[in-house]
Amino acid sequence: MQIQFPESWPTTPAEAIALQQTLAPQIVLEDRIPNPIRYVAGVDAGFEDEGETTRAAVVVLSFPDLTPVDEVLVRQPTVFPYVPGLLSFREVPAVLAALAQLKTEPDVILCDGQGIAHPRRLGIASHLGLLCDRPTVGVAKSRLVGTHIEVPPDKGTWVPLTDRGDRIGAVLRNRANTKPLYISPGHYTTLETAIDLVLRCSTKYRLPETTRYADRLASSGTARSALEEVQQGRLF
DNA sequence: GCGACAG
DNA sequence: ATCTTGTCGC
C-alpha cells in the first residue's frame, strides 16, 4: 500500500512528546471503516541484537473468515529507545516500511498496544492511523494508563477504562479464565466498533487472530538456526 | 520524593 | 520486547 513516510522523526523524548501533543487533536473518533470489511491487518514488532535491530511483521487476513492472504516481514536498525508512552517512536518506522510492501490494502489495522488509552491520547495505534490515514484499533495485553472496575468473568464482557474523566477504552474479557485485553480506538473508529471488531477477529485464543499471525511471522524471523540448537544441546 | 510504566 | 526450564492446569 502507498505510504507517505515522515520527512523527519523525533530523536529525543522531548521532541516526541511535543509531536504527540500536536497530533493527538487530529485523531478522528468516528467510524470511517469500509462496509463491508474485506481485509483486516495485524501488526507486531520484535527486536534482536539487544534492541539494535527492529523486526516488523504485518499480516492481512480476509474478513470475516480470517484467512491470511498477504504478509510482510522487515528488519531495520532501531531508531528510538523504549520509553513508556513513546512506544510508537520505536516501532512505527519499521511498521510503515512493512505496510508499504503490502499488495493487499487492509480496511482496518489492529496494533499491539494502545490507541487513545494513552497519557496524551496518542498510543501506537492512533499514531500509526494518522501516518497511514487508515482506521486502526489498539489491542494491548496490559494497561498503560487509566482505571477500571473488575471485569465480569463471562466471556465477551467488558468495562470502561477511564482516565482524567475521559472514557479512553475498554477492558475486555475476550476469553473466560484469562487476563482481559485493553481495547481502545486508534483512528477513524469508535470504541464500540473497536470492541466488536476484536471479538469478530477472535476464535479460540486470548489474542485476536490478527495479532497471533503477526506474532508468529515476527518470531519466525528470529528463530534459532539448527546449528545454534545443536550447540545448545537442545535438538531432540 | 516514591511508585507506575503498552512493547 | 528478550532471556530462559520446568511446571501447573484444561
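Residues numbered from 1 in each chain as written. Chains lettered and ligands numbered in written order. Predicted model: local features only at pLDDT ≥ 70, side-chain atom pairs only at ≥ 80, totals over all residues.

1. Quick word on the UniProt feature "binding site: Mg(2+)" (unreviewed entry) in chain A
Point 1. Mapped onto this structure's residue numbering, the UniProt feature "binding site: Mg(2+)" (unreviewed entry) falls at Asp44 and Asp112. For the annotated residues, spread through 69 residues, the largest C-alpha to C-alpha distance comes to 6.0 Å, consistent with a single compact locus.
Point 2. Within the secondary structure, Asp44 is located in strand E1 (residues 39-48).
Point 3. We classify Asp44 as buried; it has 26 C-beta atoms within 10 Å.
Point 4. Here Asp44 is in contact with Ala57, Asp112, Thr211, Ala214, Asp215 and Ala218, once residues within four sequence places are set aside.
Point 5. Here Asp112 lies in strand E4 (residues 108-112).
Point 6. A tally of 23 C-beta atoms within 10 Å means that Asp112 is categorised as buried. (UniProt positions renumbered as here; feature names shortened; annotations may be inferred. Helix = DSSP H or I, 4+ residues; strand = E, 2+ residues; numbered from the N terminus. Buried ≥ 20, exposed ≤ 12 C-beta atoms within 10 Å, placed from the backbone. Contact = placed C-beta atoms within 7 Å.)

2. A closer look at the nonpolar core
In globular proteins that are soluble, nonpolar side chains generally tend to be buried together.
Point 1. Val58, Val95, Ile183 and Val198 are the most contacted members of the largest nonpolar core, which has 63 residues in total.
Point 2. Top element by residues in this core is helix H2 (residues 87-100). It accounts for eight residues.
Point 3. Aside from chain neighbours lying at most four places away, what touches Val198 is Val137, Val139, Leu172, Leu181, Ile183 and Pro208. (Core = buried A, V, L, I, M, F, W, Y, C linked by C-beta atoms within 7 Å.)

3. A look at unusual backbone geometry
Point 1. With an omega of 0°, the peptide bond running from Asn35 to Pro36 counts as cis.
Point 2. Phi angles above zero are rare outside glycine, and Glu50 is one such case at about 60°.
Point 3. Look at Glu50 and you get exposed, because 7 C-beta atoms sit within 10 Å.
Point 4. Even without being glycine, Asn177 reaches a positive phi, approximately 60°.
Point 5. Position of Asn177 relative to the elements: it lies in the loop between strand E7 (166-172) and strand E8 (181-187).

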